[in-house]
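Chain by chain, the residues run as shown.
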Amino acid sequence: MSTAHYDLAARLRAASTARPVPRAAASSITQLRAPVAITLQALSGGGFALSATTPTPEAAPQSSASAGTGACGPGFRTERAHGADALRALAAVGVGVEHALPKSRVRLRGAGGAPAQQAPEHAGADGEDGDDELVPSWRTLVVADHATLAMLGHLVADVAPGGPWEAQAAIVDWWLARADHPGSPSVLVVPSACAQRWILGEAPEAERTWQTWARWLGTDCVGPASGALGPGSGASPAARPAGIDGTGESLLRLAAKLDTGSPLPGAHAVVGREDRSWTYLLDRIAAGVNFRKGDNLVEASMGLTTRCQAAELWESMRLHDPLVADRARFDGTVLTGQVCWVAAREPEFEVLADRLVSRFRAGQVVTGTYGASGSCAGGQFTATVVAARIGQDGRLVVTLGQVVQHKLKTRALVVRPGVRVQVRPEPVGAQQQEHGKRNLSTRYRDRGNWMVRATPPPRARRDVPWDVLMAAAEDD
């Protein structure tokens, strides 16, 4: 059985029950803060029409004539602007104006009501109920697809430097940069996030549109063109001014659906990185730095490092989800099996794998659990992959050495032949990544580094592995 068969089985079950099948148990959003949904429409004469929708209290609708068109259904407010002043809609909903938000609007608690761990700089941010003290905070951008992000890039490029919407343009540019960091809570592409959380009883291509997810999750908010309202819509089509549909409302309702369940372990580290990046942006805005100026070599290198670290950390965090880990058994990322041999004196044992597929390499550090979810004594352990071989019966045998059992003072292995184990790659440490990034930044800024001197390194002859030469010679 492969991951394709696994997904097909879940898709068939979703089709037979007419309900989405969970692909992950934990929330696919680390934190949803004062979300703002943006939709763009290309105009026939050039330029874009931008609509910004934000959730509001169930109070009377508010509108802003200065932003072009304003409207809201119960709990939602939409602002619209177009052309050279398209970013005015963002200013009307507070983006670029409110660099600090009231604590009541900043979600400081984890999904499900459990207190969320916070970054050190926000360790004392929680106040008493009703405290309206302002705290520096980014906001979550909610979009319908990656094409919207690309159009936002074109829109920002057309904004005149030094204009009235410079702050909004800088924040949109920051959003676009954070969108390249997997797991970033400041940018939410709804179809992609939904596909990480659930699987539907339709073709995979149908999951690429937010309309499909709105229909299956019961958050339809159909606009004026359709003449009907789906379940969960807030206002009638006739109540909306011309040109404003319910796309933004539906995106925010889907975001609220995604923001349910327990957060993944380590979510506070992701939020802390977002806070530090936002603070850096505000410092640049205050200093009058032009965000249109391209990165130098050091900044570009550090940007690539942060993107790679974000991808590694997010994939490692998702393996803590039991449903994600269960699926990972079929692509070799997670190995399950039973112990078939235990060394008499050394902390070493062999695992008879359930499947032939495995991505583990000799020398790789792994972690694992004994029994069902660590039900055996000394249930968790860390080990190093020593070797892998195919036994006489055609099954995969993986040897694990240097086994260290957690929470036990003895080196003697408590495991016995026949015990079930689950093995996964060693979790990525966020603090270790930050330490490595600081060291890398220091080396990049050393005067002896060729990137600082802005001169290329001198040419030098050196041995090159044969497989590298062959790979470079390939046409494709």
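A. Region of interest: the sheet that holds strand β11 (residues 335–342). Taken together, six strands build a closed barrel; the order of strands is β11-β12-β15-β14-β13-β16 and the barrel is antiparallel. Adjacent strand axes in the sheet meet at a mean angle of 45 degrees, parallel and antiparallel pairs treated alike. Bridge count for strand β13 (residues 365–370) against strand β14 (residues 380–390) is five bridges, and the pairing is antiparallel. Its bridge partner lying in β14, threonine 369 is registered against glutamine 380.

B. Summary view of unusual backbone geometry. In this structure, alanine 18 takes a positive phi of about 60 degrees despite not being glycine. Along the polypeptide, alanine 18 turns up in the loop between α1 (3–17) and β1 (21–22). Phi at alanine 34 is positive, roughly 35 degrees, even though this residue is not glycine.

C. Molecular detail of the pattern of salt bridges. Evaluated as defined, the whole model comprises 16 salt bridges. Linking arginine 273 and glutamate 434 is a salt bridge whose minimum nitrogen-to-oxygen distance equals 2.9 Å. On the criterion of sequence distance, the pair formed by arginine 273 in helix α8 (residues 267–286) and glutamate 434 in helix α11 (residues 430–444) is long-range, its members being 161 residues apart. The pair arginine 273 / glutamate 434 is uniform in exposure class, with both members buried. The salt bridge partner of glutamate 434 is arginine 276, with a shortest N-O separation of 3.7 Å. Of this pair, glutamate 434 sits in helix α11 while arginine 276 sits in helix α8, and the two are 158 residues apart along the sequence. For arginine 276, a relative accessible area of 37% translates into the label partly exposed. By sharing partners, the salt bridges in this structure join Arg273, Arg276, Glu434 and Lys437 into a single network.

D. Region of the structure containing the pairing of strand β5 (residues 76–82). The element β5 is extensively covered by neighbouring structure, given that six of its seven residues are classed as buried. Bridge count for strand β3 (residues 48–55) against β5 is seven bridges, and the pairing is antiparallel. The partner of threonine 54 across the bridge, within β5, is arginine 77.

E. Examining the side chain of glutamine 309 more closely. By the secondary structure assignment, glutamine 309 is in helix α9 (residues 297–318). Judged by relative accessible area, glutamine 309 falls into the buried class, the value being 11%. Apart from the residues within four sequence positions on either side, glutamine 309 is in contact with Arg273, Gln433 and Lys437.

F. Just α8, in detail. An ideal rise of 1.5 Å per residue puts 28 Å on 20 residues; α8 measures up with 29 Å between its terminal C-alpha atoms. For α8, the full list of buried residues reads Ala267, Ala269, Val270, Val271, Gly272, Arg273, Glu274, Asp275, Ser277, Trp278, Leu281 and Leu282. Just past α8, the residue glycine 288 takes up positive phi, approximately 75 degrees.

G. The arrangement of the packing of α8 against α11 in detail. α11 packs onto α8 with a crossing angle of 35 degrees between their chain directions and a minimal axis gap of 10 Å. Of the two elements, α8 crosses α11, and the hand of that crossing is right-handed. Touching Ala269, Arg273 and Arg276 of α8 are Ala430, Gln433 and Glu434, all from α11. When the residues that make up the contact of α8 with α11 are grouped by side-chain class, the tally is two nonpolar, one polar and three charged.

H. Main features of helix α3 (residues 146–157). In this model, α3 (12 residues) spans 17 Å end to end at C-alpha, consistent with the 16 Å of a helix rising 1.5 Å per residue. Among the residues of α3, Thr148, Leu149, Leu152, Leu155 and Val156 are the ones counted as buried. Angular distribution of buried residues about the axis of α3 spans 115 degrees; they occupy a single face of the element. Opposite the packed face of α3, turned more than 90 degrees from it, sit the exposed residues His146, His154 and Ala157. Its buried side turned inward, α3 meets β2 (36–42), β3, β8 (141–143), α4 (166–178) and β9 (187–189).

I. Representation of the pairing of strand β15 (residues 396–405). For β15, the buried fraction is high: eight of the 10 residues fall into the buried class. The pairing of strand β12 (residues 349–353) with β15 spans four bridges and is classified as antiparallel. If you follow valine 351 over to β15, its bridge partner there is valine 398. Bridge count for β14 against β15 is eight bridges, and the pairing is antiparallel. From the neighbouring strand, alanine 387 faces β15, where its bridge partner is threonine 399. The turn linking β14 back onto β15 is made up of five residues, and glycine 394 within it adopts a positive phi angle of 80 degrees.

J. How the structure looks around the nonpolar core. Counting residues in each nonpolar core, the largest one holds 37 residues, and the members touching the most others are Ile38, Leu50, Leu87, Leu152 and Trp175. Secondary structure elements with two or more residues in this core: β2, β3, α2 (88–92), β8, α3, α4, β9 and α8. Among the elements that make up this core, the one with the highest residue count is α4 (seven residues). The contact partners of isoleucine 38, leaving out residues within four places of it in the chain, are Leu50, Ser51, Leu90, Leu141, Val142, Val143, Thr148, Leu152 and Trp175. Within the second largest apolar cluster, 22 residues are counted, among which are Leu32, Val142, Val190 and Ala193.

Here is what the cut-offs are and how they apply
Residues numbered from 1 in each chain as written. Predicted model: local features only at pLDDT ≥ 70, side-chain atom pairs only at ≥ 80, totals over all residues. Heavy atoms only, no water. Pairing = 2+ DSSP bridges. Helix = DSSP H or I, 4+ residues; strand = E, 2+ residues; numbered from the N terminus. Axes fitted to C-alpha atoms, helices over the stretch in contact; angles between N-to-C directions. Salt bridge = Lys/Arg side-chain N within 4 Å of Asp/Glu carboxyl O. Buried < 20%, exposed > 50% of the residue type's maximum accessible area, 1.4 Å probe, protein only. Contact = heavy atoms within 4.5 Å. Expected span 1.5 Å × (residues − 1). Left-handed = near helix turned anticlockwise from the far one by under 90°. Nonpolar A, V, L, I, M, F, W, Y, C, P; charged D, E, K, R; others polar. Arc of directions from axis to C-beta. Core = buried A, V, L, I, M, F, W, Y, C linked by side-chain atoms within 4.5 Å.

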